[in-house]
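Report on the structure
Listed here are the chains, written in short residue letters.
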Amino acid sequence: MNRFRKKLRALWRRRQLDRDLQDELRFHLEMAAKESTGSDVGRRFGNVTSIGERCRELWTFANVETWWQDVRYAARTFGRNPGFTAVAVVALALGIGADTAMFTIANGAISWDMGLEQADRVVIVSATDAARAQSFGSSYPDFRDLRAHVKSLAGLAAYQFVPVNVSDHSGLPERYYCVRMSSNGNRVARQKPLLGRDFTSADEKPGAAPVVLLGHHVWQQRYGGDPAMVGRTIRVDEVPTEVVGVMPPGRRFPEDTDLWTPLIPTSAIARRDNRSLMVYGRLADGVKLSAAHLELDTLMRQLASQYPETNRGLTAEVLPIVMITGVYAMRPLFAVLFGAVGFVLLIACADVANMLLARAAGRAREISIRVAIGAGKARIIRQLLIESTLLSLAGGVLGWLVAIGGLRWFDAGTGTLVKPPWLHLKLDATAFGYLAAISIATGVLFGMAPALRLAKVDIHGSLKDGEYGTAGGRRSLRLAGSLVAFEMALCVMLLAGAGLMIRSTANLYAAPIGVNTANVLTMRINLPETKYPREEDLVRFHETLAGRLDALPGVETSAVVSNLPLGRWIEFPYQMEGAAPAEDRLPRLGAIVATADYFRVGQVRARRGRLFTDAETTAETPLTVVNETFAVKMWPGEDPLGKRLRVVRDGIPQPWLTVVGVVPDILQDFRHPLEHSPLIYLPYAEAPQRVAYLVARTGVPPSTLAQVFRTEVQQVDEGLPVYEVRSLENRIAENRLTTSLFSAICTVFAAVALVLAAIGLYSVTAHSVSQRMQEFGIRLAMGGTSGDILRLVFRQSLRPLVYGLMIGLPLAFGVTRLLRAVLAGVSPGDPVTFLAAGAVLTLAGLAGCAIPARRALQVDPVVVLRCE
Amino acid sequence: MGKGKSRPDGTLVQGTLDMLILKTLSRGPMHGYAISQSIQQISDEVLRVEEGSLYPALHRLELDGVIDSEWGQSENNRRAKYYRLTPEGRKRLSREASDWRRLAEAIARVMETA
C-alpha cells in the first residue's frame, strides 16, 4: 500500500528520481576515488548505469510498463500499415456495433419487467382443449371453483382488460385501458397503491359502490397530480366512480393498465361458458410449476366431469406470466436476429484473423529476431494478442458509434407502434459492458490463431530463408482456407434468411388488399355498456352518427365495421342449415360485422348475387354476404346463393341468415398475404359490436377531417372519446411495418456479411498468390499458359467457397425455420431463395478472387526469377 | 560482473546484507558509501559490500519502509543521501538479529560436535 504510494509519487517525479540516483552513485564513486587507487574506480565505472537501472526498476511499475511498451509497439506497427488497419477496424466496428445494437434491442425485448416482485413465480392459468389445440380464457365460475380448492398457488386472481371512457370536468373525454380484477388482484401481484387503499372483498359484491384505482401517469397527466384525488368522483363509462387510490409510478400490471376497477360478477360474466377472463396466480412457497400444473389439471378435469356441457375436454395450462406477453412471441425472431448479428461478428473476426495470418507471413523474420535475442514464447503470444486486442478495441470504440446509429435507425423505423411502453432501448452500462466484453473477446478470438501460428515459427528456417519464412507456408494457408469456408457457411445462412425476409416483404406489399385504400378515414369508438345497455342502443347511435357524418362536406359515405382490412376478424360458433348437429362444441367461423355502406366505402362490388342494404337487415329473415373463399370451401361446386346458416351468440342461436351475394376476398390476415380465410359479412344490426371502427370515404385528404369527426361524435355523445384516428393507408403501412423492418435489418446484416466474406476470400487468395508468385513465374517460364495459372488460383480459392456452401446451405434449412413467424407467403425452406443465396455468394466470391487472380496473370517470369 | 580477486567468503547472501545494513544504520543516519565502509572495517575487511548489491538493497529497503532517506551535507560539504532506520526497521532488525543468532549458534554447535 505504502509502497504503491511511493511508486506513484516517483512516477510523477521521474526526472527528480533519475537525478537523485545519479547524484547518489556519483557521490559514492568520488568518495571511493579519493580513498583508493584510480585504476580500481575506472574499472568499476561501467557498472553505474546497470546499478542505476536496477534501482530505477524498483521504483517503477515494471510490469505495467513493459505492457505499455508492447501496446506502443503494436500501435506503431498499425500506424505503418494504415490500409490494413483501417479495413480491419471498420470490419470489426461493423460487427461489434451491430452486435451491441441488436443486444440492446433483444435485451430490452426479452427482459420483460413490469416491476413485479418475484415475477418468475407468477403464472397464468388458462383452459385448453387438447384435442383441438385451442386455448381459452377462464370463466368466472371456473375461477371461483379453482380458487376455492387450489393449494399449490398462494393466490389466484382474475381480470378482464377492457377499454373504458373517462369523462369529467378535468378535460376532454379520454379512452383508457382498464383492468377489471378480482379484489385480491394487487395482493397476488404484491403491489400496493401509493395513495389511498387497495380493493376489499366488499368492493366486488354485486351492487357495491363503484370504485377505481388510478394509474400514476393518469393521475399526473389528467389530474395534474391533485393531492386530494383520493375521494374524488370521476365518470368511468358514464358511471360516477369514487377514486379510492393511486398506484405507484410505473405500475401497469397486469397489462398496459391505466385504471383498475373491481371485477363484479354480472349475469353475463357469471356464465360458465363465458371464457373472457385471464387468471393469474402466485406459486406457493417451494411449489414447482409442474406441481401447480398437475393440481390445476386435476381440478379442471373434475370440473369437466361435473359440468360436461360447458367444460368437456378442457384441461388446465399453467405458464410463467412472461410467456404470455406480446413480445414473448417475438422472442424466436429476436433470437434469430441476435444470432444473425453474431454471425456477422464472427465473419468479421474470421476476416481479421485472416488478414493477421497473411501479415504474419511477412513478420516471420521479425518474430524470429525477437525470439533469437531472448523473447520467450509467452512474450511473443502476449505481444500478438495485444496487437489483436488493440485492433478490436479500436473497432469497439468505432462500434459504439455504429450502435448509436443503429438504434436511432431502429427507433425511427418503429416509432411508437410496435414498442410496448416497458421496452426501453438505451445504450446503458449493460450495453457498454457487453460491448467491452465482446471487443476483448473478439480480439483474443481472432488473435489466437495467428499468435499460436507465429509463436511456433522456426527461427533457423526463417532467418535463413529471408522473406519466404515458414510462418506462412502451407499449414497457415490451410488454416486461412478453413476460416474462409467458415465465413462462407455463415454468410450463406444469412443470405438465405435475408432472401426469405425480402420475399416476404415483397409478397406483403404486392398482395392485393381487395379494397380501395386511398382516401379512407378510420377511427375507433367504444360504446360503454353503462350508457348503451341494449343492442338497439348501439344500432341507433350509429344510425344517428352515420346520418350526421354522411351530411358533412367532403364525406362521400361512412360505415361501421368490426375489423378493418388486415385487422383479422371475429369468431362465432355457427350451424349450417341441413348439417348434422355437432356432437359437442359447435364449429366456428370468421365474420366481419359491418353496416351495408362498408362495401361502398371500400368500393367493393359483389362478384355474384348482390350486397345487402341497411334497410333489409332488420327484416325477419336477415341476409348475409360471404367471401369467395368461404363459398368455394363450404359449398364446392354448388351455388352459394340462397344457402342458409346461423351464428350462435352467448349460447343463443340467432335467426337464419340467407346468403345473397359473394364478394371478392379482402385481405384480413397480413401474415398470410397469399391466402384468404373463409369469412362472412354480418349486418351490423345482427351482431352489434361495442368496440368498432368508423370508416369513411372522403373526397378530401382524410386527415383534414379528423377533428370534424371528433366534434360530430361528441355532439351525439359528449362523453365519448374517439381514438386511433388514422387513414386506412397509414394503418396498413403500420401492419406491414414489423415484417418490412425485420427484413430491412436482415438485409443490412446479410449485405455486411457478404462484403466481409468477399474480403475474406480476397485476402486469402491475395495471400496465396503473393506466396506463389515464384511458382507462377516458373510455370510461365516452363511454357504454362495464363489459363493454367487462372485454374490454379481459382481451384485453390474456390475450395473454401464450395465447402462453405456445402456446410452452410443444409444448416440454413434448419435456421430459417425459426423465421416462420414473420415469413409471409414463402416457406422457410424455399428452394428458389436458397439457390439465389448460393448464387449471390458465389458471385461475390468470384469477385473477391478476381483481383488477385489478375495480379497472378501479370506476373513477369523474368522479374520473379531474378528476385531469387 | 565479478569482484575479481575478492575472496569467496566476502560475498553476501541478500538477506544477510539487508540485516547488516539495518544493523549499521542502528548507529545513526549514514550515506551509502559510509555504510559500505563501515561494514568493511568492522568485519576487518572480510566482508566487502559491492555497490552493485548495496544500492538496489538500499532502495528496496526504502520502498519497504524499513529505512528512510534524506538529502544532507556530507563531511566534505557535498550533497549526499543519508539513510536512517524507521521504527519499523528497528523491529525488523531485532527480529532478524535474533533469528540470525539462533541460526549461527545452531550451525556452530553442529560444526563443533562433528
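That block above? That's the structure.
So, here is what we can say about the structure in this document.

Definitions and limits used
Residues numbered from 1 in each chain as written. Chains lettered and ligands numbered in written order. Predicted model: local features only at pLDDT ≥ 70, side-chain atom pairs only at ≥ 80, totals over all residues. Heavy atoms only, no water. Helix = DSSP H or I, 4+ residues; strand = E, 2+ residues; numbered from the N terminus. Buried < 20%, exposed > 50% of the residue type's maximum accessible area, 1.4 Å probe, protein only. Contact = heavy atoms within 4.5 Å. Pairing = 2+ DSSP bridges. Axes fitted to C-alpha atoms, helices over the stretch in contact; angles between N-to-C directions. Nonpolar A, V, L, I, M, F, W, Y, C, P; charged D, E, K, R; others polar. Buried area = accessible area lost by both parts, 1.4 Å probe. Salt bridge = Lys/Arg side-chain N within 4 Å of Asp/Glu carboxyl O. Patch = residues over 30% accessible without salt bridge, like charges linked within 9 Å, V, L, I, M, F, W, Y side chains within 5 Å. Areas by Shrake-Rupley, 256 points an atom, 1.4 Å probe, with all protein chains shown as cover. Core = buried A, V, L, I, M, F, W, Y, C linked by side-chain atoms within 4.5 Å. Expected span 1.5 Å × (residues − 1).

Scanning chain B from N- to C-terminus turns up four helices and three strands. Mapped in sequence order, the helices and strands of chain B form the string α-β-α-α-β-β-α. Across the 114 residues in chain B, those meeting the buried criterion constitute 41%. Of the contacts made within chain B by residues no fewer than 6 positions apart, 49% connect residues no fewer than 24 positions apart.

To continue, consider the pairing of strand β14 (residues 570–576) of chain A. All names here are of chain A. Sheet topology note: the β14/strand β15 (residues 588–594) ladder contains four bridges and is antiparallel. Opposite Ile570, over in β15, you have Ala591 as the bridge partner. Where β14 and strand β18 (residues 644–649) come together, three bridges link them in antiparallel fashion. If you follow Gln575 over to β18, its bridge partner there is Arg646.

For the rest of this paragraph, the subject is the packing of helix α1 (residues 2–12) of chain A against helix α3 (residues 51–64) of chain B. At a minimum axis distance of 8 Å, the contact between α1(A) and α3(B) shows a crossing angle of 115°. Of the residues in α3(B), those touching α1(A) at A:Arg3, A:Lys6 and A:Lys7 are B:Arg60, B:Glu62, B:Leu63 and B:Asp64. For the contact of α1(A) with α3(B), a count of residues per class yields one nonpolar, no polar and six charged.

Take the interface of chain B and chain A next. Listed as interface residues are 27 residues of chain B and, on the opposing side, 23 residues of chain A. A combined buried area of about 2,500 Å² lies between chain B and chain A, and 55% of that area is made up of carbon and sulfur atoms. Of all residues in chain B, the largest losses of buried area upon contact with chain A belong to B:Tyr33, B:Glu51 and B:Leu63, amounting jointly to 31% of the total for that side. Two residues, A:Asp23 and B:Arg79, come together in a salt bridge whose shortest N-O distance is 3.0 Å.

This brings us to the sheet that holds strand β3 (residues 79–85) of chain B. Residue and element names in this part refer to chain B. Pairing is antiparallel across the open sheet formed by three strands, whose spatial order is β1-β3-β2. Looking at strand neighbours, the two that pair on one side only are β1 (30–31) and β2 (67–73), the edges of this open sheet. Bridge count for β2 against β3 is seven bridges, and the pairing is antiparallel. Its bridge partner lying in β3, Ser69 is registered against Tyr83.

Our next topic: a nonpolar patch on the surface. Residues and elements named next belong to chain A. There is a patch of nonpolar side chains on the surface, built from Leu393, Ile440, Val444, Met448 and Leu452 and spanning about 370 Å² of accessible area. Counting residues per element, the nonpolar patch draws most heavily on helix α14 (residues 429–455), at four residues. In this structure, Met448 sits in helix α14. For Met448, a relative accessible area of 34% puts it in the partly exposed group.

All names here are of chain A. Formed by 80 residues in total, the largest nonpolar core has its most connected members in Leu391, Phe446, Cys491, Phe749 and Leu841. Residue assignment for this core shows that the elements contributing at least two residues are α6 (82–110), α12 (326–372), α13 (377–414), α14, α16 (473–510), α21 (728–781), α22 (786–816) and α23 (831–857). Ranked by the residues each element gives to this core, the list is headed by α12, at 17 residues. Listed in part, the 40 residues of the second largest apolar core include Ala591, Leu645, Leu705 and Val713.

This paragraph deals with helix α10 (residues 289–306) of chain A. All names here are of chain A. The terminal C-alpha atoms of α10, which comprises 18 residues, lie 26 Å apart, in line with the 26 Å expected from a rise of 1.5 Å per residue. Listed in full, the buried residues belonging to α10 are Ala292, Leu296, Asp297, Leu299, Met300, Leu303 and Ala304. Looking at the packing, one finds that the buried side of α10 touches β1 (122–129), α7 (140–149), β3 (153–168), β10 (278–283), α11 (308–311) and β11 (314–320).

Moving on: the pattern of salt bridges. Counted under the stated rule, the structure contains 40 salt bridges over all chains. Of the charged contacts in the structure, one is a salt bridge between A:Asp258 and A:Arg252, with a shortest N-O distance of 3.2 Å. The residue A:Arg588 makes a salt bridge to A:Glu571 at a minimum N-O spacing of 3.3 Å. Taken together, the residues span a long stretch of sequence, with A:Arg588 in strand β15 and A:Glu571 in strand β14 at a distance of 17 residues. By relative accessible area, A:Arg588 is classed as partly exposed at 44%. In this structure, a network of salt bridges that share partners links the residues A:Asp20, A:Asp23, A:Arg26 and B:Arg79.

That is the geometry; function is a separate question.
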